[in-house]
Amino acid sequence: AFAVSVVPEGAEDETELSVLQKPEESRTISKISRELKEIVFVIQSQSNSFHSKRAEDLKRDILKQAADLGKEFPMVLLIHQMDRHEGAWTILPLMRDFSVTYGRNSSWIFFCEEDTRIQVVKLLEILGRFDSSKEWFLGKALYDEESTIIHHYAFAENPTVFKFPDFAAGWALSIPLVNTLAKKLKSEPLKSDFTIDLKHEIALYVWQKGEGPHLTPVPEFCTDVVNLYKVDYCATTFSNFLPLCGEPVKKEDIFVAVKTCRKFHGDRIPVVKQTWEREAALIEYYSDYADMSIPTIDLGIPNTDRGHCGKTFAILERFLNHTSPRTPWLVIVDDDTLISIFRLRKLLSCYDPNEPVFLGERYGYGLGTGGYSYITGGGGMVFSRIAVQKLLASKCRCYSMDAPDDMVLGMCFSGLGIPITHSPLFHQARPMDYPKDYLSHQIPISFHKHWNIDPVKVYFAWLAPNTEESHNGKKVEYNREDL
């Protein structure tokens, strides 16, 4: 049985809305072609060669579908090519450009990720249900089941009331809403210093504490498993996969550096040894105290309560000067980071170690007014050797020993013109801090923090090479819903 979606205010006649009806039966090719011209596609792309190629492939697919429909091609933009904006990936700084350039002749700006798959005719059918002369914010709705630190504990009394879009499924803004946002940004520049979870922060900005629209859920924007029913029903889909571009990189190609300190030797390091240490061929623990039982290496950098910039730069120097030059990758993690080196080896097969790569979960600082992007440290920071070489050759260093290392690295790489490469598979927080529906289409590489969880259970439920793992000689299986 097919469910018919609720008809929103301003929708077209109901005879066009049945999901059973094929769009070509109710629209002429010329009408579809005209409407396609009124959509601006924006692919949330990145400049790294692996990601830019995937984005170009998606662009070609959209234009091929358009060619099959008629002569009027839509505009397809790649975010990473809008390089005059340091914060282009945060979308909001682009609103004024979108308004000026497309505000008169377009109806929708449709955003998607490089791995979003789009059925263009179906997308036109879905967007045709909404009156594009009104303000619409459309997407697949996510929500927090409990308030979370990554959203600054927003809507703590009932976090489920606030919906925000899953970028993987695609999301859309009507041009009237784009124009409204552009005007607001002109009179009131962005105030937030940090960009932590872009999809949530965009939804908050659009909502404007009730003055703007809420996200309108569109069930045909999909990320779940594609079956015969879904193929006909969904306008967008998203593959649940871990990128693999040939053979996984060898264990010996990844050097793992664990940042720790004496006070955590007894509780955090045993978790690493019970879980993911066995996946790493090359691993060292760096501390403020040499403990031979682990063993840890004292870098001569005192532990600090705030940032750990001094320690991190000492690790970078050691990697460059005391490891084999044939080891192309460095991973720096905290002692309470849970990571799958097994999966990371697959992911790194897609990246060229001869490029300066700085990979992980991307955050932003001050991007509304310049600023820079950085890889947040808790989820793990991955460097190609050449990126470390370029960084240390630049003489860019910590402004203080206890400066936030991840932010200083972001500043340095930004100054060098080396882009941050984002992967949503790295996580600064715990599984419970993310919507279940968001994690359901991921094969995660890392989580961070042991607070109020059993980290060993979290590792074996979410990150172990197999869903069933032998742990202390016993087969164990954990329910992710409980974690």
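Bear in mind that the values here come from a model prediction, so they are computed numbers and not experimental data.

Turning next to helix H15 (residues 455–462). Two residues of an α-helix separated by three or four positions point the same way, owing to the 3.6 residues in each turn. The buried fraction of H15 amounts to 7 of the 8 residues, a majority that puts the element mostly inside the structure. Of all the positions in H15, only Pro 455, Val 456, Val 458, Tyr 459, Phe 460, Ala 461 and Trp 462 are classed as buried. Sitting at the head of H15, Asp 454 places a side-chain oxygen 3.0 Å from the backbone nitrogen of Val 456.

Under the counting rule described, the total for this entry stands at 24 aromatic pairs. Where Tyr 363 meets Tyr 374, the ring centres are 5.9 Å apart and the plane angle is 75°; that geometry is what we call edge-to-face. Linking Tyr 363 in strand E18 (residues 362–365) with Tyr 374 in strand E19 (residues 372–375), this pair joins segments that are 11 residues apart in sequence. Residues Tyr 363 and Tyr 374 agree in their burial class; the two are buried. Lying across the ring of Tyr 289, Arg 262 places its NZ or CZ 3.7 Å from the centre.

Summed over all chains, the structure comprises 4 disulfides. Each sulfur of the disulfide joining Cys 222 and Cys 234 lies 2.0 Å from the other. An S-S torsion of about -90° defines the bridge between Cys 222 and Cys 234 as left-handed. Here Cys 222 is found in the loop between strand E10 (216–217) and helix H8 (228–233), whereas its partner Cys 234 is found in the loop between H8 and strand E11 (236–238), with 12 residues between them in sequence. The class for Cys 222 is buried, based on a relative accessible area of 3%. Here Cys 309 engages in a disulfide with Cys 398; their sulfurs sit 2.2 Å apart. With the S-S dihedral at roughly -90°, the linkage between Cys 309 and Cys 398 falls on the left-handed side. With Cys 309 in helix H10 (residues 309–322) and Cys 398 in the loop between helix H12 (385–393) and helix H13 (405–416), this residue pair connects regions lying 89 residues apart in the sequence. With a relative accessible area of 0%, Cys 309 lands in the buried category. On the basis of relative accessibility, which here comes to 21%, the residue Cys 398 falls in the partly exposed class.

The subject of this paragraph is the environment of Pro 356. Tracing the backbone through its elements, the reader meets Pro 356 in the loop between helix H11 (341–348) and strand E17 (358–360). On a C-alpha basis, the gap between Pro 356 and Ile 386 in space is 5.3 Å, while along the polypeptide they are 30 residues apart.

To continue, consider the pattern of salt bridges. Where side chains of opposite charge bring their charged atoms close, a pairing between them can arise. Summed over all chains, the structure comprises 19 salt bridges. Two residues, Asp 334 and Lys 259, come together in a salt bridge whose shortest N-O distance is 3.5 Å. Of the two residues, Asp 334 sits in strand E15 (residues 329–334) while Lys 259 sits in strand E12 (residues 254–259), which places them 75 residues apart along the sequence. Its relative accessible area of 17% is what places Asp 334 among the buried residues. We classify Lys 259 as buried; its relative accessible area is 8%.

Once that is clear, we can look at the side chain of His 427. Mapped onto the secondary structure, His 427 falls in the loop between strand E21 (421–422) and helix H14 (436–439). Residue classification places His 427 among the buried residues on the basis of a relative accessible area of 1%. Among the polar contacts listed, one links the side chain of His 427 to the side chain of Gln 442, at a separation of 2.8 Å. Other than its neighbours up to four places away in sequence, His 427 contacts Glu 361, Gly 379, Tyr 434, Leu 439, Gln 442, Pro 444, Ser 446, Phe 447 and His 448.

Of all 6 residues that make up E15, 6 are buried, and the element is covered over most of its length. Burial along E15 is two-sided: the face carrying Trp 329, Val 331 and Val 333 and the face carrying Leu 330, Ile 332 and Asp 334 are both buried. Sheet analysis places E12 next to E15, joined by 6 bridges and oriented parallel. Residue pairing for E15: Ile 254 is matched across the bridge by Trp 329. Bridging between E15 and strand E20 (residues 381–384) involves 4 bridges; their strand directions are antiparallel. Bridge pairing in E20 links Val 331 to Val 382.

So, how was this worked out
- Residues numbered from 1 in each chain as written.
- Predicted model: local features only at pLDDT ≥ 70, side-chain atom pairs only at ≥ 80, totals over all residues.
- Heavy atoms only, no water.
- Buried < 20%, exposed > 50% of the residue type's maximum accessible area, 1.4 Å probe, protein only.
- Helix = DSSP H or I, 4+ residues; strand = E, 2+ residues; numbered from the N terminus.
- Polar contact = N/O pair within 3.5 Å; in protein donor to acceptor, adjacent residues only side chain to side chain.
- Phe/Tyr/Trp six-rings, centres within 6.5 Å; stacked < 30°, edge-to-face > 60°.
- Lys NZ or Arg CZ within 6 Å of the ring centre and 35° of its normal.
- Disulfide = S-S within 2.5 Å.
- Salt bridge = Lys/Arg side-chain N within 4 Å of Asp/Glu carboxyl O.
- Contact = heavy atoms within 4.5 Å.
- Pairing = 2+ DSSP bridges.

What is shown is where atoms sit, not what they do.
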